[in-house]
Amino acid sequence: MPEAIELRGLTRWYGKRRGVIDLEADVHEGEVFGFLGPNGAGKTTTIRMLLGLIRSSSGAARILGLDPWTDAAALHRRLAHLGSDPGYLGDMNAASLLDYLGALRGLPRGAWRRFAERLELDPSVPVRKLSRGNRQKVGVVQVFMGREPLLVMDEPSTGLDPLMQREFLALVAEARAEGRTVFLSSHNLPEVERACDRVAIIREGRLVKIATVVALVGDHTRSVNLVLGSPAPEGAFALPGVTVLSSTGQDVHLMVRGDVNALIGRLGDLDVRDIAISTPDVEDLFFRYYEGTVAGSEKRDLTPEQPEVVHGEAPR
Amino acid sequence: MIGLAFRLELHRSRVIAVGLAIVVLLYGGLIAALYPILLANTAMIEDYMKLFPKEIMAGFGMTGSLADPGIFFTTYIGSFLWPVVAAIAAIVLATRPSAADADRGWADVVLATPLTRSRHLGAGILGQVVVLAALAFVTVGGVLGVGALVGAGFDTGRFLAAGGVLWLFGCGMAGVTSLAAVITLSRGAAAAVTAGLLIAMYLLNIVAQVQPDLAWLGGLSAFRYAGVGALIDRGTVDWVGVGVFAVVAVAGWAASLVLFRRRDLLP
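On a predicted model such as this, the values are computed, not experimentally measured, just so you know. (Residues numbered from 1 in each chain as written. Chains lettered and ligands numbered in written order. Predicted model: local features only at pLDDT ≥ 70, side-chain atom pairs only at ≥ 80, totals over all residues.)

Caption draft 1: Structural context of the overall build of chain B. The helix and strand inventory of chain B stands at 12 helices and zero strands. Put simply, chain B runs from its N terminus to its C terminus through helices and strands in the order α-α-α-α-α-α-α-α-α-α-α-α. The C-alpha radius of gyration of chain B comes to 20 Å, within 12% of the 18 Å expected for a compact globule of 267 residues. Expressed as lengths along the three principal axes of its C-alpha atoms, the size of chain B is roughly 65 × 45 × 25 Å. Looking at the 267 residues of chain B, the share that counts as buried comes to 49%. Here the contacts in chain B between residues at least 6 apart in sequence split such that 76% fall between residues at least 24 apart. (Helix = DSSP H or I, 4+ residues; strand = E, 2+ residues; numbered from the N terminus. Rg over C-alpha atoms; globule rule 2.2 N^0.38 Å. Buried ≥ 20, exposed ≤ 12 C-beta atoms within 10 Å, placed from the backbone. Contact = placed C-beta atoms within 7 Å.)

Below, the structure is given as structure tokens:
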């Protein structure tokens, strides 16, 4: 698969201060690639290098086959960018601003209109009078209104209300369906989980993990809480990958790593009254890699307040 | 594409341009309205002016009689109002495409489009050229217009030529400011450089006039070349001054364009 973005040992120092170090990654054409990390991890530095706004200290980046520093003009005809807090000119209204940016990209006047309607953006209001969320809508409209094959977005849905976040995710899905590549930097983890095919986690300037969201979630532990009709026999949960975290007779709390089939088979032999299985979301995984302490993250994985919880009767 | 950016640049400059135009128009008009009174009381005013150190007066371009239109214009406009107005315009306009836009994030927005850095900054430079030309024209126009109303008898052609020198002086300041802004990416630092240079050159010009053995220092001061008294009164063009301002302006802008294309843009 051709690569939309290739990072090879990409490094940036600000004097003695770390920007990013030795980034190695490929973003495939047509995929939605999430770039996760907290403030200061190096996300924006990476994006600024991808856009040719700053140079790398060492290493290289190729974007759509082009060097972002030396081929910036050619590259910018093929990508659209949305910054985390775009410095739009406050005295222009959204319509004028979007027409101007559209004209620079060779788009006809009003190319933004249908996107503004979808996001319920009033284009007649001066940008300085817009709320944070509405300013962000201007940015979302601006990035999607063209036909560029690569979209680079830094915290794109910050400030959007849940309905608009859903609309934003729909726009991302449409872009992917059209074969466009989306590079999405975020710390909105549920959004990344829902939007992205693959995720890279950056920690203190270094990439610590790149994987598909499915693989990232699937490879990790699940928390299983059981309510039994009668206490389980001794050694009932002595199965590969299963650890008993607590057992108070009829209430059992397990941690399961990897394949859950063996456990499900064993539950058929027990009098299970209730079961709750919590799968880790990207947020848990992000904290795992960011904190760098497996034990700490496993505690997180095992907390009962997980967003994806399956309740129901176990097979008998 | 540079046309689009240039039109936006003019749009963004309208407040500062109109504000400064009103100032120069009102001030120039007022001064011109007073010219006939000054002419009628030349002897008395010259006696009064003798009370002040002649070096300071020379620093303001008062090297002859205020009754001479050239000395009059240089004293009140060329060496006083215009450097201040041009410096304000230069600082606001010449720091905007680089330092200010990088700081506010607008540079990130437009420079991620097919608009190149050179075209973005080039549009800004064109904006400076046009706005400074308009301000110089309005400055001279105000004096000429009110002068005509009060029968001052100003020579339109020579005053317009003086406006050209004022414009070049402003362009020189804008070129230097633009370069400082690109180097520092700080509007405050670039403003300090421009204001500092202006004050230093003003003082240099005074020192050069006070100390005959340091007269050569005057050649380093823009104020040496900014006087348009001889041009208005005798029709003599200071081509060295014109050349210095033009070279400084073009060199400053050209260096800005080269450096801006090569440097990291950090907010």
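That was the structure; now back to the text.
Caption draft 2: Quick look at the sheet that holds strand E7 (residues 181-186) of chain A. All names here are of chain A. With mixed pairing, six strands are arranged side by side in an open sheet as E5-E6-E7-E3-E8-E9. Only two strands of the sheet have a single neighbouring strand rather than two, namely strand E5 (79-82) and strand E9 (206-212). For this sheet, the mean angle separating the axes of adjacent strands, direction not counted, is 15°. For strand E8 (residues 198-203) and E9, the ladder comprises six bridges, and the chain directions are antiparallel. From the neighbouring strand, Ile201 faces E9, where its bridge partner is Lys209. (Pairing = 2+ DSSP bridges. Axes fitted to C-alpha atoms, helices over the stretch in contact; angles between N-to-C directions.)

Caption draft 3: Representation of the sheet that holds strand E4 (residues 58-63) of chain A. Residues and elements named next belong to chain A. With antiparallel pairing, the three strands of this open sheet are ordered in space as E2-E1-E4. In the strand order of this sheet, the two ends are held by strand E2 (17-28) and E4, each with one partner. Averaged over neighbouring strand pairs, the angle between their axes works out to 20° when direction is ignored. Pairing geometry for strand E1 (residues 3-14) and E4, over five bridges, is antiparallel. From the neighbouring strand, Ile5 faces E4, where its bridge partner is Ile63.

Caption draft 4: Region of interest: the nonpolar core. Core analysis: the largest hydrophobic core is formed by 145 residues, its most contacted members being Val141 and Leu184 of chain A together with Ala89, Leu135, Val143 and Phe169 of chain B. Leu226, Phe237, Val256 and Leu263 of chain A belong to the second largest nonpolar core, which has 11 residues in total. (Core = buried A, V, L, I, M, F, W, Y, C linked by C-beta atoms within 7 Å.)

Caption draft 5: Region of interest: the interface of chain A and chain B. In this complex, chain A contributes 19 residues to the contact, which on the side of chain B involves 18 residues. Elements that contribute at least two residues to the side of chain A that touches chain B include exactly helix H2 (72-76) and helix H3 (94-104) of chain A. A class-by-class count of the residues in the side of chain A that touches chain B yields 11 nonpolar, four polar and four charged. (Nonpolar A, V, L, I, M, F, W, Y, C, P; charged D, E, K, R; others polar.)

Caption draft 6: Here's a closer look at unusual backbone geometry. All names here are of chain A. Unusually for a residue other than glycine, Glu120 sits at a positive phi of about 55°. With respect to the helices and strands, Glu120 occurs in the loop between helix H4 (113-118) and helix H5 (132-144). For Glu120, a count of 12 C-beta atoms within 10 Å corresponds to the exposed category. With a phi close to 50°, Glu204 is a non-glycine residue in the positive phi region. Structurally, Glu204 is set in the loop between E8 and E9. For Glu204, a count of 15 C-beta atoms within 10 Å gives the class partly exposed.

Caption draft 7: Inspection of the environment of Arg96 of chain B at higher detail. Residues and elements named next belong to chain B. Following the sequence through the fold, Arg96 ends up in helix H5 (residues 96-104). For Arg96, a count of 24 C-beta atoms within 10 Å gives the class buried. Expressed as a C-alpha distance, the spacing of Arg96 and Ser186, which sit 90 residues apart in the sequence, is 9.8 Å. The residues contacting Arg96, other than those within four sequence positions of it, are Asp101 and Gly124.

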